[in-house]
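Per-entry structural report
So the chains spell out like this:
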Amino acid sequence: MKKGLVYIIGAGPGDPGLITVKGLQALRRADVVLYDRLANESFLQECRPDAELIFVGKMPDQHPVPQHEINRLLVEKGQAGNVVARLKGGDPYIFGRGGEEAEDLAAAGVPFEIVPGVTAAIAATAYAGIPATHRDCTSTVAFITGHEDPNKAESAVDWSKIGPSIGTIVIYMGIKHSEKNIQQIIDSGRSPDTPAALIQQGTLPSQRTVVATLGTLTQAIKEHDIKPPTLIVIGEVVNMREKLTWFETRPLFGARVLVTRSRPQASKLVTELDALGASVTEFHSIKIEPPLDFDPLDNAIMNAADFDHVVFTSVNGVESFFGRTRNLELDIRDLKGPRIWAIGPATRDALLDRGVVVEKLPMEYFAKSLGEAMGKSVSGQKVLLPRADIAPPVLREDLEAAGAQVTEVTAYRTVLDESMPAAAAKAIEAGEIDYLTFTSSSTVRNFLEKCKNLNLDKLMQHVKVISIGPVTTQTAKDLGFNVHTEADEFTIPGLVDALVEFHTDNT
Ligand code: SAH
């Protein structure tokens, strides 16, 4: 029988970028994945589509799957010959009960490997601008649990020694018993003026850091309604935060942004927003699908030489057109007859990537004014428009008004993406979104269609709408949105710039 192997993997404390290369490789191989609440759920997208995923998470104060049951599952799945990934928050051996899991695997003779992770005390402090050690303030650091095994008769933490002698004290699971533990540190002789910090949800876009002193910590926890997962950090190093903060000062930190683009197109926007510190929720409202009938597009492509101009209005149109060209086994060199036009830099670049140089157009042209840009020169000429099924008629009308003979063919269809991710729907209904981003008229229309069974009252009370350009803005206004800002350049980077500017000016 195939021999199983269990990887006990530290996934880091939240930011999915903090898993190790080895951990990610093991996760991607696994037949079975057991994961915790503290391990970021985005890791699940890395698993094999046929992997068995088992949630064994623990909510505070409740254990849906008892530890012995997790251990038993690991042994059972390993013995059955599976590659098992046991994904745990932070590091598996730092207050993670990884030791107990490994003990049972060892006892049962199931091969296992430990993949260390970045523990919260290292990562959350760094993300809060606090170095755990610094030669100017401390040479010692201690990781301590504030929540020991409740069955233990006596605490193993001797605060009277730790309090006065350890430079940086980091307490895990410290909120529940904070009052008692903090008092013990003060009683040990540590000055109540010692700088201290609370780092909630460290390394995540929802990270919150509250700075206090040892003497005011308990009050700060209450005042700021601090909840787990939170680290308590005590020591002079906390003062370094004034100089070393970086994560929380990024331009979009704390902004909750909803992305409505289609899934394949969203990633560039999501990556840019994420890098600027935003908390991004994906709520894909449109899906790009092939035309129901390829004949009109195929015929137009095969007879492209008959046209004087081909106008591409989107990257999707370019992809579809050249995808079909390939399908028909045509040589793009046969396309040399018509002049090729592109609306917007992304469309132009998509053509350039395929070796096609387009006519020069001022950057500010968008669908509405391309007809003007091409101008009188199109009178009596044949223009091919490979476009979306629902493209607005303006461009065609403008070209026809200029005397052109226009052939419009459906290169792709824009349809409603009906997927309803539960977390996104919940955030929308709770009004926990600060910005809606619309990148086309169809994202606006389909967003509303997709939300027709959701209650948008709370969202609409304070959400701000960011639009990619005037056509999208007009559609959003027509559908009842108040548009707060619009991109100067009608591109994704332009939209991001507009959002950053608006957020900076209004927070
Ligand atoms: N094995 C984990 C710790 C698990 S114990 C690790 O190595 O990080 C759970 C405690 O860890 C929480 O109560 C909290 O004190 C701390 N913790 C885990 N993730 C955290 C995060 N993202 N921000 C702040 N504290 C965190």
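Residues numbered from 1 in each chain as written. Predicted model: local features only at pLDDT ≥ 70, side-chain atom pairs only at ≥ 80, totals over all residues. Heavy atoms only, no water.

Comments concerning the overall build of the protein
For the record, the criterion: Helix and strand assignments follow DSSP, with helices taken as H or I runs no shorter than four residues and strands as E runs no shorter than two, numbered in order from the N terminus. Throughout this description, buried means an accessible area under 20% of the type-specific maximum (1.4 Å probe, protein chains only), exposed means over 50%, and partly exposed covers the range between. Residue contacts follow a heavy-atom distance rule, with two residues in contact if any of their heavy atoms lie within 4.5 Å.
Scanning the protein for helices and strands turns up 19 helices and 20 strands. In terms of principal-axis extent, the alpha carbons of the protein reach across some 95 × 60 × 45 Å. When each of the 507 residues of the protein is scored for burial, the buried share is 50%. Taking the contacts inside the protein whose residues are at least 6 apart along the sequence as the reference set, 70% of them involve residues at least 24 apart.

Side note on the domain arrangement of the protein
Heads up, the condition is: Note that the domain bounds reflect an automated or database-derived domain assignment.
Under the domain assignment, the protein is made up of domain 1 (5–117), domain 2 (122–249), domain 3 (256–285 + 417–505) and domain 4 (289–416). Relative to domain 4, the C-alpha centre of domain 2 lies at a distance of 61 Å.

Describing the packing of aromatic side chains
Applied cut-off: Two rings belonging to Phe, Tyr or Trp (six-membered ring only in the last case) form a pair when the distance between their centres is within 6.5 Å. Interplanar angles under 30 degrees mark stacking, angles over 60 mark edge-to-face geometry, and anything in between is tilted. Only Lys NZ and Arg CZ are tested; either one counts as a charge over a ring when it is within 6 Å of the ring centre and within 35 degrees of the ring normal.
Counted under the stated rule, the structure contains 15 aromatic pairs. The interplanar angle of 55° and the centroid separation of 5.4 Å between the aromatic rings of Tyr35 and Phe55 together place this pair among those described as tilted. Pair noted here: Tyr35 is in strand 2 (residues 32–35) and Phe55 is in strand 3 (residues 52–55), with a separation of 20 residues, a long-range link. In textbook terms, an aromatic cluster arises when at least three aromatic residues are bridged by ring pairs, as seen for Tyr127, Trp246, Phe247 and Phe253. The residue whose ring lies beneath Arg324 is Phe294, and the NZ or CZ to ring-centre distance is 3.6 Å.

A look at the environment of Leu335
Relative to the helices and strands, Leu335 resides in the loop between helix 11 (315–327) and strand 15 (339–342). Looking at Leu335, the relative accessible area reads 12%, which means it is buried. When the C-alpha atoms of Leu335 and Val356 are compared, they prove to be 9.5 Å apart, with 21 residues separating the residues in sequence. Setting aside residues up to four positions removed in sequence, Leu335 forms contacts with Ala304, Phe321 and Phe322.

Remarks on the sheet that holds strand 14 (residues 309–312)
Keep this limit in mind: When DSSP finds at least two bridges between two strands, those strands are taken to pair. The axes are straight lines fitted to the C-alpha atoms, using for helices just the contacting stretch, and the angles between their N-to-C directions are given from 0 to 180°.
The mixed open sheet is built from 5 strands, whose spatial order is 13-17-16-14-15. Strands with a single pairing partner mark the edges of an open sheet, and in this sheet they are strand 13 (286–289) and strand 15. Along the sheet, successive strands turn relative to each other by an average axial angle of 25°, direction set aside. Taken together, the 4 bridges between strand 14 and strand 15 define a ladder with parallel strand orientation. The residue bridging Phe312 from the neighbouring strand is Ala342, located in strand 15. Each of strand 13, strand 14, strand 16 (382–388) and strand 17 (405–416) touches helix 11; the most contacted strand, strand 17, lies at about 105° to it. Running at roughly 35° to strand 17, helix 16 (residues 441–450) makes contact with strand 13 and strand 17 of the sheet.

With respect to the sheet that holds strand 18 (residues 435–438)
Here we have 5 strands laid out as an open sheet, ordered 12-11-18-19-20, and parallel in their pairing. The open sheet has two edge strands with one neighbour each: strand 12 (279–282) and strand 20 (483–486). The sheet shows a mean angle of 25° between the axes of neighbouring strands, taken without regard to direction. Pairing of strand 18 with strand 19 (residues 464–467) involves 4 bridges; the strand directions are parallel. Bridge pairing in strand 19 links Thr437 to Ile466. Sheet contacts for helix 18 (residues 470–478): strand 18, strand 19 and strand 20; angle to strand 20, the most-contacted strand, approximately 175°.

Thoughts on the site of the ligand
Cut-off, in case you're wondering: When we say a residue is near a molecule or strand, we mean one of its heavy atoms is within 4 Å of it. Counting of polar contacts relies on pairs of N or O atoms within 3.5 Å, with two restrictions inside protein: one atom must be capable of donating a hydrogen and the other of accepting it, and residues adjacent in sequence are counted only when both atoms are side-chain atoms. Exposure was quantified through the Shrake-Rupley algorithm and a 1.4 Å probe, taking into account, for residues, occlusion by the shown protein chains and nothing else. Residues are grouped as follows: nonpolar covers Ala, Val, Leu, Ile, Met, Phe, Trp, Tyr, Cys and Pro; charged covers Asp, Glu, Lys and Arg; every other residue, Gly included, is treated as polar.
Around the ligand, 17 residues are found, and the nearest of them are Asp91, Ile94, Thr119, Gly202 and Thr230. Note that an oxygen atom of the ligand is positioned 2.8 Å from one of the backbone N or O atoms of Asp91. Here Ile94 contributes a backbone N or O atom positioned 2.8 Å from a nitrogen atom of the ligand. Here the ligand, which alone exposes 540 Å², has 93% of that area covered by the protein. Looking at the shell around the ligand residue by residue, the class counts come to 10 nonpolar, 6 polar and 1 charged.

Quick look at helix 12 (residues 345–353)
When we look at burial in helix 12, the residues that qualify are Pro345, Thr347, Ala350 and Leu351. On the buried face of helix 12, the contacting elements are strand 14, helix 11 and strand 15. Positive phi appears at Gly355, one or two residues downstream of helix 12, with a value of about 80°.

Some words on the side chain of Thr218
By the element assignment, Thr218 lies in helix 7 (residues 217–223). The residues touching Thr218, leaving out its near neighbours within four places in the chain, are Glu179 and Ile182.

With respect to helix 19 (residues 492–506)
An α-helix turns once per 3.6 residues; consequently, residues spaced three or four apart project the same way. Definition in use: Here the expected span of a helix is defined as 1.5 Å times the quantity of residues minus one.
The end-to-end C-alpha distance of helix 19 is 21 Å, a good match for the 21 Å that 15 residues give at a rise of 1.5 Å each. Looking only at helix 19, the buried set comprises Ile492, Gly494, Leu495, Val496, Ala498, Leu499, Val500, Phe502 and His503. Looking at the buried positions of helix 19, the neighbouring elements they touch are strand 11 (256–259), helix 9 (263–275), strand 18, strand 19 and strand 20. A side-chain oxygen of the first residue of helix 19 lies 3.0 Å from the backbone nitrogen of Gly494; this N-cap is Thr491.

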